[in-house]
Each structure stands twice: as C-alpha cells, then as structure tokens.
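Each chain is listed here by its residues.
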Amino acid sequence: MDNPGLRRRPVQKRSIDRVERILDSCAQLLDEVGLDALTTLEVARRAGVPNSTIYQFFDGKSGVLRELALRNLELLLVRLRRRMAEEDTLTWPRAVEIVLAETVEMRRTVPGFTVVDFADTRPGGASFLPPGEAKEGGDVLAERLYHFALDEAGLPPLPDPYRVMRLAIQATGAALRLAFTDCREGDPAMIEQGRRLLRAYFADLA
C-alpha cells in the first residue's frame, strides 16, 4: 500500500534500521511529551540521526505519525492472526472480543499506542491512516479488519460492512478513551462495558 507520508521506502538494511529507530523514538516520545509537543528535531535526536534524515524518508512529522499508525495496524493484524488461529469456532461476536482484547493489550504494552494508535486518540482526533477505497468513506483500518475477517478468519460477510466496521471502531475508541483516561492499565469495568456493547452489536448483525 502506498503511503503518502513516506517519501521513499528503504531497501537497504541500514536504511530500514534507521526508519525503525525513528519510529521507535517517535513512539517513546509520544508517551513522554505527548502529540502536541512532539517535534522531528527531538525524534531525530532520540533516534541518533540528523534531522535531515527524517525528511529524507518522511513527509515531516505527519509522515512519521502516518507510518507509525501503519506499523501499529500491521502489529495488530499479526496479533490477531495468532489469536484467531487458537479459536476452534469463530463468530463475529467472538472475533470483536478478541480485537478489543488485543487492542487493550497494545495500549498497555506498545510504546506510544495510548497517544497514537491509528489516530490521535483524543476525542475528535484525526486519523493518521490513509483514506480507504470504500464509497462509505473512512480509513484503511475498517477495510483491512473487514477483509482480514473474511479472507483469513473465515467469517461470513456482513450487511453494509464498512459502515458497521467504522461504527465499531469508533465505539471501541470511545470505550478505550474512557477506560484509559485515569488508569494506565485501563479500567477493567469500562473495558467490560465496551466488550458487552460490541458483542451485542455484532450478535444482532450476524
């Protein structure tokens, strides 16, 4: 998938390692200083590269954040593949429970994920992912998750799937904002409410 935030995708191992260090440094700094105070100069300093290296590979701060969001999406899909493979019989309600559980665990363990998962996690925060292709709009998160569910997890098609997925993503984001606002590990009771909401929604659709 083309990423307009990335000027050129590295090929040589040295360049790949530099890009990964930049993304790692960005994620660490998001936890330390937040999104608004994040600068490419500080990311470069933390990564041990000249600031010009940021602009060699990325379209500035927004480009770094877009690539970080895409990396987070790939990480989520890797985790979902592992979890789905452990399930004997998979349904949509069970699948969304797994997605929520893995997203919660990423909030707890992945640097920067509470600040930027696939978007600015604050209320009304903008997505850093590229736009999707579905006429219903949204970004690639809804499309990638839906096609993963059909093509890899073997789940049946949903009616009006992209609107369903976009709404589910927004509901998940709202539940996680409430759960993690005042609790670094997430309020278990609020996470449970989010699970019940998502499960009931998909049980009604499937």
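Rules of the game
Residues numbered from 1 in each chain as written. Predicted model: local features only at pLDDT ≥ 70, side-chain atom pairs only at ≥ 80, totals over all residues. Heavy atoms only, no water. Phe/Tyr/Trp six-rings, centres within 6.5 Å; stacked < 30°, edge-to-face > 60°. Helix = DSSP H or I, 4+ residues; strand = E, 2+ residues; numbered from the N terminus. Buried < 20%, exposed > 50% of the residue type's maximum accessible area, 1.4 Å probe, protein only. Lys NZ or Arg CZ within 6 Å of the ring centre and 35° of its normal. Expected span 1.5 Å × (residues − 1). Contact = heavy atoms within 4.5 Å. Polar contact = N/O pair within 3.5 Å; in protein donor to acceptor, adjacent residues only side chain to side chain.

### Things to note about the packing of aromatic side chains
Move 1: Summed over all chains, the structure comprises five aromatic pairs.
Move 2: Ring centres 5.7 Å apart and planes at 15° place the aromatic pair Trp92 and Phe202 in the stacked group. Pair noted here: Trp92 is in helix α5 (residues 92-109) and Phe202 is in helix α8 (residues 188-205), with a separation of 110 residues, a long-range link. Both residues of the pair, Trp92 and Phe202, belong to the buried class.
Move 3: Relative to Phe118, the ring of Phe113 has its centre 5.6 Å away and its plane inclined at 90°; by these criteria the two rings are edge-to-face.
Move 4: In this structure Phe113 comes out as buried when scored by relative accessible area, which is 1%.
Move 5: With relative accessibility at 8%, the residue Phe118 sits in the buried group.
Move 6: Members of the aromatic cluster, joined through ring pairs, are Trp92, Tyr146, Tyr162, Tyr201 and Phe202.
Move 7: The cationic tip of Arg107 hangs over the ring face of Phe180; the distance from NZ or CZ to the ring centre is 5.6 Å.

### Some details on α5
Move 1: With 18 residues, α5 should reach 26 Å at 1.5 Å per residue; the first-to-last C-alpha distance of 26 Å fits that figure.
Move 2: Regarding α5, the residues found buried are Trp92, Pro93, Ala95, Val96, Glu97, Ile98, Leu100, Glu102, Thr103, Val104, Met106 and Arg107.
Move 3: Where α5 is buried, its residues meet α4 (60-85), α6 (140-151), α7 (161-180) and α8.
Move 4: By the N-cap criterion, in which a side-chain oxygen at the helix start approaches the backbone nitrogen of a residue two or three places on, α5 is capped by Thr91, the distance to Arg94 being 3.2 Å.

### As for the environment of Arg18
Move 1: Here Arg18 shows up in helix α1 (residues 13-33).
Move 2: A relative accessible area of 23% places Arg18 in the partly exposed class.
Move 3: For the pair Arg18 and Glu97, spaced 79 residues apart in the sequence, the C-alpha separation amounts to 36 Å.
Move 4: Look past the residues within four positions of Arg18 in its chain and what remains in contact with it is Val49 and Thr53.

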